[in-house]
Amino acid sequence: MEGLATRKAPPAWLPLRYMVAGMAAFLLLHGLLAWQGDTILGGLTTAPLTLAAVHLAAVGWGTLVLMGALYQLVPVLLNADLHSHALGRAGFWPAVGGAGMLVGGFWAWQPALVAAGGILVAVAALLLAYNLLRSIPPAARLALHGRGLLGAVAFFLLTVAWGLGLAGHLLWGYLDAMPRQVAVHATLGLLGWFSLAIMSAGYRLIPMFTLAHGYSQARQPLTLLALAAGAAMTAALAALGAGPVAVSLPALAVVAAFALFALDMKEILRARRRRRLELVTRFALASLTAGALGATLVWVQSATLAPRWLSGPAGLTATVYLALAGWVSLMMVGQLFKIVPFLIWLDRYSERAGRERVPLVSELFSPLLGELALWGLVTGTFGTALAVLSGQPGLARATEAVAFLGALAFGGAMAQVILGLRVIPRQGSPVPGKGV
Amino acid sequence: MVSEEKVREALRRVFDPELGLNVVDLGLIYGIAIDGGRVRVTMTLTTQGCPLQHAMTGWVREAVAALDGVAAVDVDVVFTPPWTPERMSEAARQGLGV
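Thoughts on the packing of aromatic side chains
All names here are of chain A.
- Taken as a whole and judged by the stated rule, the model has 18 aromatic pairs over all chains.
- For the ring pair Tyr18 and Tyr71, a centre distance of 5.4 Å and an interplane angle of 35° mean the geometry is tilted. In this pair, Tyr18 is assigned in helix 1 (residues 13-40) and Tyr71 in helix 2 (residues 48-78), connecting sequence segments 53 residues apart. Each member of the pair Tyr18 and Tyr71 is classed as buried.

Pasting the structure below:
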């Protein structure tokens, strides 16, 4: 199971602290959407509450979880020790504080607080980038997935830098075309940071989780290149004010990357030896569906091919929602159902295994909670996207309530894992380690 | 005197905590060599750089060292030839639903 931890990986609680904070933000996000979803998803994409919710999702949840995952994964992929555990721990507080200030600053519409939050997130991003780059051994040849993850970190820095520029505009007002620059910030973050990281890590983790063997890896470099180049060029052309036809060409490369990734995932799943589709796989399939839909919507909107109902505020809101709550969140939730129990197991039981009866990794949380999380989040997310597109706020409130229940089930399962709350079945379980 | 069969039996009690299957049925054990009281186990992992490598080799060493007549245990982890699911026993395949 390369990709989670080896002797090269940092102590479990270095990445876990980021993941736990991210999961708390995820619960807050779905609570907020269930409470104020009709306002947040009402099509006013730059309303304070909407911006607060988007940054709670993108920074509080997505970025914190991804930072934790990178602190765990990259040293393993590099086959090198993390340069500094202390810097990794030090980056946690600016990341969490920055996320909180961004959310609070947007909610209360305090541009100075937004800028201060952005600076703190920039500090955390720089610490992450520095730490990972210093971890690369001299003359090391980076594997494709490692290069993809480091590329995603470069996009993270660009996203934060662009965001700081936007925060400066809120304070001093120097930009002419604010909506276009917001779109650049979102493109860098959603496609460059989140999507490149998810695809790079997905190519590594999903075959491992499903025990897939004998599938082709030939398309993987092209997929990651198309995504990275497409994201960078879409953002650059949009920033320079290029017309829709010019922007739609690199956006088409992004759609192609999603199609290639979907094709690869299909091949990996066909080559899997674990026939039962585990939670992580079903979450990945739902995420991929949302990602493919979202990427297609982005292209249709960028090429101005969309009918009015799709290109208006409701269409844009639904696209951002599908990207963040669907593609990014569903993939992350699925992966966390694997990663968090595994890290906790290694931390809590690996030394005890063989000396006493310990649970299996899969026994650390209730399967029922896992299923409730899957069905609640998937039906709630796709239902909400549909409700937003069709302009039915009442339906959106109901579907967001369903998603919130799914998020609670996810939070409950993770609490069982982290706090050791689950009563472990003692009968009939094999004993990890040297049996007793 | 320790025998290969006794070593293999001891290794059947070493489980992968994620898959819930023992290392023998998973097909991870490539070889067992016995030279007096010294036992050398050659094994692999389901993928290179498995997170359990350190823990798993420790459990294998402990399980074999506990046998009567064993004075020293060496555990070599190799990835050539790579593990494939075809190496699993029928019991393991059923356990994973392969």
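Quick look at the packing of helix 4 (residues 92-107) of chain A against helix 5 (residues 111-135) of chain A
Residue and element names in this part refer to chain A.
- Here helix 4 crosses helix 5 at 155°, and the two axes come no closer than 7 Å. Taken together, helix 4 and helix 5 sit at an angle that is classed as roughly antiparallel. Helix 5 is crossed by helix 4, and the crossing has left-handed handedness. Contacts from Pro94, Ala95, Gly97, Gly98, Ala99, Met101, Leu102, Gly104, Gly105 and Phe106 in helix 4 reach Leu113, Val114, Ala116, Gly117, Gly118, Leu120, Val121, Val123 and Ala124 in helix 5.
- Its residues assigned to classes, the contact of helix 4 with helix 5 shows 13 nonpolar, six polar and no charged.

Some words on a nonpolar patch on the surface
Residues and elements named next belong to chain A.
- A grouping of Leu171, Trp172 and Tyr174 is seen on the molecular surface, where their side chains present a nonpolar patch of about 380 Å² in accessible area.
- With respect to the helices and strands, Leu171 occurs in helix 6 (residues 144-172).
- Here Leu171 falls in the partly exposed class, since its relative accessible area comes to 35%.

Looking at the packing of helix 1 of chain A against helix 4 of chain A
Residues and elements named next belong to chain A.
- Relative to each other, helix 1 and helix 4 sit at 15°, their axes nearing to 10 Å. The angle between the axes of helix 1 and helix 4 places the two elements in the roughly parallel class. Along this stretch, helix 1 crosses helix 4, giving a crossing that reads as right-handed. Across the interface between the two elements, Arg17, Tyr18, Ala21, Leu32 and Trp35 of helix 1 pack against Phe92, Ala95, Val96 and Trp107 of helix 4.

Observations regarding the nonpolar core
- Membership of the largest hydrophobic core comes to 174 residues, with the highest contact counts inside it found for A:Trp61, A:Phe337, A:Val340, A:Trp345, A:Phe410 and B:Leu11.
- Here this core takes 22 residues from helix 12 (residues 313-349) of chain A, the largest share from any one element.
- Discounting chain neighbours no more than four positions away, the residues touching A:Phe410 are A:Met23, A:Phe26, A:Trp61, A:Val333, A:Leu336, A:Phe337 and A:Ala373.

Notes on the side chain of B:Thr44
Residues and elements named next belong to chain B.
- On the secondary structure map, Thr44 appears in the loop between strand 4 (38-43) and helix 2 (53-65).
- In terms of polar contacts, Thr44 uses its side chain to reach the backbone carbonyl oxygen of Val78, at 2.7 Å.
- Residues in contact with Thr44, not counting those within four places in the same chain, are Gly27, Leu28, Tyr30, Val78, Phe79 and Trp83.

About the criteria used
Along each chain, residue indices are assigned from 1 in the same order as the chain's sequence is written. Labels are handed out in written order, letters beginning with A for the chains and numbers beginning with 1 for the ligands. The predicted nature of this model means local features are confined to residues of pLDDT at least 70 and side-chain atom pairs, given and counted, to a pLDDT of 80 or more, with totals for whole chains, interfaces and linings taken over all residues. Excluding hydrogens and water, the side-chain values take into account all heavy atoms of the structure. In this analysis, rings of Phe, Tyr and Trp, with Trp reduced to its six-membered ring, are considered paired at centre separations within 6.5 Å, and the interplanar angle assigns stacked below 30 degrees, edge-to-face beyond 60, and tilted for intermediate values. What counts as a helix is a DSSP run of H or I of at least four residues, what counts as a strand is a run of E of at least two, and both are numbered from the N terminus. The buried label applies to any residue whose accessible area, calculated with a 1.4 Å probe on protein chains only, is under 20% of its type's maximum; exposed applies above 50%, and partly exposed to all values in between. Between N-to-C directions, angles span 0 to 180 degrees; the directions come from axes that are lines fitted to C-alpha atoms, helices contributing only their stretch in contact. Here the angle decides the label: under 35 degrees means roughly parallel, over 145 means roughly antiparallel, 65 to 115 means roughly perpendicular, and every other value means oblique. Each crossing is labelled by how the near helix is turned from the far one, with a counterclockwise turn of less than a right angle marking it left-handed and a clockwise turn marking it right-handed. The contact criterion used throughout is that any non-hydrogen atoms of two residues lie within 4.5 Å. The nonpolar class holds Ala, Val, Leu, Ile, Met, Phe, Trp, Tyr, Cys and Pro. Asp, Glu, Lys and Arg form the charged class, and all remaining residues, Gly among them, are polar. Within this analysis, patches are made of residues with over 30% relative accessible area and no salt bridge. Like charges are joined at 9 Å or less; nonpolar side chains (Val, Leu, Ile, Met, Phe, Trp, Tyr) at 5 Å or less. The accessible surface values rely on the Shrake-Rupley method and a 1.4 Å probe; as for residues, cover is taken only from the protein chains in view. Any carboxyl oxygen of Asp or Glu that lies within 4 Å of a side-chain nitrogen of Lys or Arg is treated as forming a salt bridge with it. Working definition of a nonpolar core: buried Ala, Val, Leu, Ile, Met, Phe, Trp, Tyr and Cys residues. They are joined through side-chain atoms within 4.5 Å. In the analysis that follows, any N or O atom pair within 3.5 Å is treated as a polar contact, provided that within protein one partner can donate a hydrogen and the other can accept it, and provided that, for residues neighboring in sequence, both atoms belong to side chains.

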